[in-house]
Structures are given as C-alpha cells and as structure tokens.
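Here's the letter readout for the chains.
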Amino acid sequence: MSTLEIKDLKVTVTENEQERLILKGVNLTLKTGETHAIMGPNGTGKSTLSETIMGNPAYHIISGQILLDGENLVKKTVDERARAGLFLAMQYPAEIKGVTNIEFLRAAINARRATDDQIPVTDFLDRLDEKLAVLNMSDSMAERYLNEGFSGGEKKRNEILQLLMIQPKFAILDEIDSGLDIDALQVVAKGVNAMKSPDFGTLMITHYQRLLNYIVPDFVHVMMDGRIVKTGDAQLAHTLEAEGYAGLRDELGLDVPLTDDDVD
C-alpha cells in the first residue's frame, strides 16, 4: 500500500505582478485502493491543488508538504514526480505535433523503468491493443500526433489511455468529465474503473455528481476558499447536487461568495 499525503499546503499564484493566496492550508490523505473526489465552487482551488501536486512551476508553495510514501516531493520536478508514481489527467491536454501517441506512450513507460529494463516492443503492443479495446479507440489513434486535431472527447479518452498504459500509483483526474456526452463519459469511466486495484489510488476533481454515478468514490471532499471544509461518503455528492454549496457554506459559517448568490 502506498500513501499520498498533503499537509497544510499553502500555495500562491502570480497575477498582475502580485502574489495571490489560493490554497490556504489543504490537508488530505489518499491511499492506494481508494477513490477520492473533490468538489467545490468555481475558483476555490481544486485545479490549483492538482497542478501543485504534479509540480507545475506556475504555482508557488509557500508552506506545507506533499508526501508520497513519506518522501516530500515539494522540491521534485514534474518528471521526478511522474517517475515516483504520480499521474495527472489534465483538464486541457496539450496538442503536440510531430510526436505520435505510440511514441509518447512507449517513452513515458520506459522513463519509469531502468535503462536496462525497457519494455519489449511485443509486450508494449499487446498492452496497447488491450487498452485501446477497453476505451473503444481505433488502432489509428495510436499513429496520430498527440492530441492534434482531437475532439474534446478524444482528448479525454487519450488521457485515460495514457493512464492505463503507464499504470501509476496515483492518478489525479482534473475535470475529466468536462465537455463529455453520456456515451463518452461512460467509456472514460470504464477505463478508470479498469485501473481499480489495491496498488492504485484515484483523486477526481469535478463540479458535477454525474461522474460519480460511474466512478463511485469512497470519499468526497468539499473545497471552499482554498481549504477542504467537509468530507463524507458518496452520499455527500448527492446532497450537494440537490442543495448546492450555499447551504453547506452557511451551515459551516463560512464567509465565501458563490456565483449563484443573489446580486443587488
């Protein structure tokens, strides 16, 4: 069993040449074998948390720790965190012309293996065929340039294909459901559920409960104003879907403006 632990994480970002505090002391513990979901209003820091965990240099850690099996990753680069077992499925995957999916996937897998233990070509191709079938993706997708000309749904499936091929310890899925119709959402969820094992943990970031109908979380966390303010089981997501965030905010006595508040 592996553990990813976020301790009192405070993070700023530079806006208009000034530092703005976004994460104000996030505490969260995930273990392999568990599925976690983070929900919350817009602008509360959910995507900032995912980018910070993965090491995006645009976000500045002013205090706190990101521990993977007890090792602090705060000073580690993105590639070092990936080799350690972290994976981020991005909300807006980049298009990279000139690099095919198949080249990228093989390089990503081998980057996590010793130089004298690279994945054999036949094993790689067998795995690729298997994972393409899980996601109802054609063989031709593997030969296309990475995300170039892909639809939104194709990009999201491609992120999950990378997840299935790389097989990290922990995956962070940043609004993987954004822009997907029901059919595409079900395929993406099928891929994530195929990864479930005692050696794999998931952290999903989403605005909507519908994703959680297909990938049922063990824990649901609510973020407001840069902190996790409440944790519960899957029923908490249903409650939020029915009642919104305003009731929870008022129940907790938080001074947090929401986009659906009445404006005079």
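Each residue is numbered by its place in its chain's sequence as written, counting from 1. Per-residue local features are limited, in this predicted model, to residues with pLDDT of at least 70; the limit for side-chain atom pairs, both in listing and counting, is 80 or more; totals at the level of whole chains, interfaces and linings are taken over all residues. With hydrogens and water set aside, each side-chain value is computed from the structure's full complement of heavy atoms.

Asker: How should the overall build of the chain be read in this particular structure?
Answerer: Going along the chain from the N terminus, every DSSP run of H or I of four or more residues is numbered as a helix, and every run of E of two or more is numbered as a strand. When its secondary structure is counted, the chain shows 9 helices and 12 strands. The globule rule is 2.2 Å times the number of residues to the power 0.38, and the radius of gyration it is compared with is taken over C-alpha atoms. Computed over its C-alpha atoms, the radius of gyration of the chain comes to 19 Å, within 12% of the 18 Å expected for a compact globule of 264 residues. Reported as C-alpha extents along the three principal axes, the dimensions of the chain are approximately 60 × 40 × 40 Å. Note that accessible areas follow from Shrake-Rupley with a 1.4 Å probe, and for residues the cover is restricted to the protein chains shown. Surface exposure of the chain reaches about 12800 Å², of which carbon and sulfur atoms provide 47%. The charge count treats Lys and Arg as positive and Asp and Glu as negative. His and the chain ends do not count. Positions of charges follow a simple convention, taking NZ of Lys, CZ of Arg, CG of Asp or CD of Glu. Charge centroids of the chain, computed over 27 positive and 42 negative side chains, lie 4 Å from each other.

Asker: Teacher, can you tell me more about the sheet that holds strand β3 (residues 35–39) here?
Answerer: Between any two strands, pairing holds if DSSP finds at least two bridges. The 6 strands lie next to each other as β6-β9-β10-β3-β11-β12, forming an open sheet whose pairing is mixed. The two strands at the open ends of the sheet, each matched to only one other strand, are β6 (86–89) and β12 (227–232). The average undirected angle you get between the axes of adjacent strands in this sheet is 20°. Contacts: residue pairs with any heavy atoms within 4.5 Å of one another. Axis definition: a line fitted to C-alpha atoms, over the contacting stretch in the case of helices. Angles run 0 to 180 degrees between N-to-C directions. Sheet contacts for helix α8 (residues 234–243): β3, β11 (219–224) and β12; angle to β11, the most-contacted strand, approximately 45°.

Asker: What is the right way to read the pairing of β11 from this model?
Answerer: Looking down a regular strand, the side chains alternate between one sheet face and the other. Buried residues are those whose accessible area, probed at 1.4 Å on protein chains only, stays under 20% of the maximum for their type, while exposed residues exceed 50% and partly exposed ones sit between those limits. Along β11, 5 of the 6 residues are buried, which leaves the element largely enclosed by surrounding structure. In terms of strand pairing, β11 meets β12 through 5 bridges, oriented antiparallel. Among the inter-strand pairings, methionine 224 is bridged to a residue of β12, identified as arginine 227. The antiparallel hairpin formed by β11 and β12 contains 2 residues in its connecting segment, where aspartate 225 sits at a positive phi of about 55°.

Asker: When you look at the sheet that holds strand β1 (residues 3–15) in this model, what are you seeing that I'm missing?
Answerer: The strands that make up a sheet pair up through hydrogen bonds in the backbone, lying either parallel or antiparallel. Within the open sheet, the 4 strands sit side by side as β2-β1-β4-β5. Their pairing is antiparallel. Edge positions in the open sheet fall to β2 (18–31) and β5 (71–72), since each of these has one partner strand only. Bridge analysis of β1 against strand β4 (residues 59–68) gives 8 bridges, and the strand direction is antiparallel. Residue pairing for β4: glutamate 5 is matched across the bridge by leucine 67. Docked against the sheet, helix α1 (residues 46–54) engages β1, β2 and β4, running at close to 110° with respect to β1.

Asker: Hey, could you run me through the packing of helix α3 (residues 101–111) against helix α5 (residues 152–166) in this one?
Answerer: In a packed pair of helices, the relevant descriptors are the angle between the two axes and the axis-to-axis distance. Contact geometry of α3 with α5 gives a least axis separation of 10 Å together with a crossing angle of 35°. Crossing geometry of α3 relative to α5 is assigned as right-handed. On α5, the residues that touch Asn101, Phe104, Leu105, Ala108 and Ile109 of α3 are Asn158, Leu161, Gln162, Met165 and Ile166. A clockwise turn of the near helix away from the far one marks a right-handed crossing, whereas an anticlockwise turn of less than a right angle marks a left-handed crossing.

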